[in-house]
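Letter by letter, the chains look like this.
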Amino acid sequence: MDFQLTEEHLMIQKAARDFAQMELLPGVIERDEHQKFPAEQIKKLGELGFLGMMVSPKYGGAGLDTISYVLAMEEISKIDASASVVMSVNNSLVCWGLETYGTEEQKQKYLVPLAKGEIIGAFLLSEPEAGSDATSQRTTAEDKGDHYLLNGTKNWITNGNSASVYLVMAQTHPEKGSKGINALIVEKNSPGVTVGAKENKLGIRGSDTHSIMFQDVIVPKENRIGEDGFGFKFAMKTLGGGRIGIASQALGIASGAYELAVKYSKERKAFGKEISQHQAIQFKLADMATKIEASRLLCLKAAWEKDHHLDYTLSGSMAKVFSSETAMWVTTEAVQVHGGYGYVKEYHVERLMRDAKITQIYEGTSEVQRIVISRSILA
Ligand code: CAA
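Here is what the cut-offs are and how they apply
- Residues numbered from 1 in each chain as written.
- Predicted model: local features only at pLDDT ≥ 70, side-chain atom pairs only at ≥ 80, totals over all residues.
- Heavy atoms only, no water.
- Near = heavy atom within 4 Å.
- Polar contact = N/O pair within 3.5 Å; in protein donor to acceptor, adjacent residues only side chain to side chain.
- 1 Å grid on protein atoms, 1.4 Å probe; cavity = no way out; pocket = protein on both sides within 12 Å on 5 of 7 lines; lining within 4 Å.
- Sits in = over half its atoms within 2 Å of the grid points.
- Helix = DSSP H or I, 4+ residues; strand = E, 2+ residues; numbered from the N terminus.
- Nonpolar A, V, L, I, M, F, W, Y, C, P; charged D, E, K, R; others polar.
- Domains from an automatic or database assignment.
- UniProt positions renumbered as here; feature names shortened; annotations may be inferred.
- Contact = heavy atoms within 4.5 Å.
- Buried area = accessible area lost by both parts, 1.4 Å probe.
- Salt bridge = Lys/Arg side-chain N within 4 Å of Asp/Glu carboxyl O.

### Considerations on the site of the ligand
Here comes step 1: The full set close to the ligand counts 25 residues, and Ser132, Thr158, Lys179, Arg243 and Arg375 are the nearest of them.
Here comes step 2: A distance of 3.4 Å is found between an oxygen atom of the ligand and a side-chain nitrogen or oxygen belonging to Thr135.
Here comes step 3: The separation between an oxygen atom of the ligand and a polar side-chain atom of Thr158 is 2.7 Å.
Here comes step 4: Cavity membership is defined here by more than half of the atoms lying within 2 Å of grid points; on that basis the ligand lies in the largest pocket.
Here comes step 5: Top contributing element to the shell around the ligand by residue count: helix α7 (residues 231-267), with six residues.
Here comes step 6: Here the shell around the ligand is composed, by residue class, of eleven nonpolar, eight polar and six charged.
Here comes step 7: Built from parts of two domains, the shell around the ligand gets at least three residues from each of domain 2 (122-231) and domain 3 (236-378).

### Points about the UniProt feature "domain: Acyl-CoA oxidase/dehydrogenase middle" (unreviewed entry) in the chain
Here comes step 1: Annotation from UniProt places "domain: Acyl-CoA oxidase/dehydrogenase middle" (unreviewed entry) at residues 122-217.
Here comes step 2: A distance of 17 Å separates the end C-alpha atoms of residues 122-217, which is 0% helix and 50% strand.

### Quick notes on the domain arrangement of the chain
Here comes step 1: The domains assigned to the chain are domain 1 (7-120), domain 2 (122-231) and domain 3 (236-378).
Here comes step 2: On a C-alpha basis, the centroid separation for the pair domain 1 and domain 2 is 22 Å.
Here comes step 3: Between domain 1 and domain 2, the residue contacts involve 22 residues of the former and 26 residues of the latter.
Here comes step 4: Regarding the contact of domain 1 and domain 2, the summed buried area is about 2,000 Å², with carbon and sulfur atoms giving 61% of it.
Here comes step 5: For the interface between domain 1 and domain 2, the tally reads one salt bridge.
Here comes step 6: Remark: the boundary between domain 1 and domain 2 carries eleven residue pairs in polar contact (both at pLDDT 80 or more).

The following block contains the structure:
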């Protein structure tokens, strides 16, 4: 067993850290306050290859491993989780799904610009009445011979307005349940696609979350991913890797808050000494560091399994549930270490605490992860 990162891993980690410090930190408070999508920063992330990290260079990607992706996600998320969610969705849910299951034509037409970051994508599974219960898709893709007719509404769609390409799950054969669902590539500018109002969220406020409505949208048959009825399995397989991305996002939010808490504890004085000299604070920092390290190891183990073509469903869900709960706990403690200063925006930790919450909800709630874990261990 080798816990050492390679030179290349360290280089990628540093590149992501530098980018976060130089490009994301300035303006992060204002973007959060005004719910401003980090468009310029996302463009630059794309130019540096961070939006198609694991895609083969043949399709315009950086050709890196999942370990590199975890390291980069942690660094970007330390500073701006609204930017890292764009990175996570584009890499894990959109590019990975297209590269793994798409046809050569689909890859040339959609994957190449997505991997180069020229455009971004979105993953449309959730519906007003199908969140955790993802098999209950009400959006329909009626088979019309050479095309599908798409009708319905999707909810909580990350990159909803900024994406050019949507991967949409929709029901074609309701009598077949989960085996009747198809995954379709839909261009946002297709007639009949309407983007709803931007959600006013608690956290990741810079990210672009919308409902998307489809009314008689014509989707050519060649835009279906995989065989007829493969859509639910496609969604589950894709979310398996997505959970490693969100686990790493949670890890980054936690480690960002921890680093701020350590720094503050060495500066702030109370009762005649730095608060880091008080055992009450030392114990908090020790617990934070321990939980963060455990999260990091779970994320890297899941990534290693993915890179070695092993089944990473269990490790990805374990990483996601543990890291997201760690993020919520660590960020709350980081606010506590900061006292009253932690409750105001300039010190960043209140934003990280708000951002942490979503990691327990999207790409499968903590409850869904426990379903996946318990099914796996009891099988
Ligand atoms: N890989 C392959 N196939 C899988 C699978 C997996 N990981 N998980 C399930 N399947 C298959 C099952 O084998 C089954 O097929 P068979 O009938 O052939 O055996 C079929 O899919 C149906 O599976 P289940 O009976 O297990 O389905 P279920 O209704 O019990 O639900 C669930 C299982 C785990 C709860 C699933 O619905 C789930 O993961 N829900 C959460 C959905 C989710 O994560 N949504 C996030 C939205 S995307 C998002 O948040 C992105 C963003 O914007 C940031």
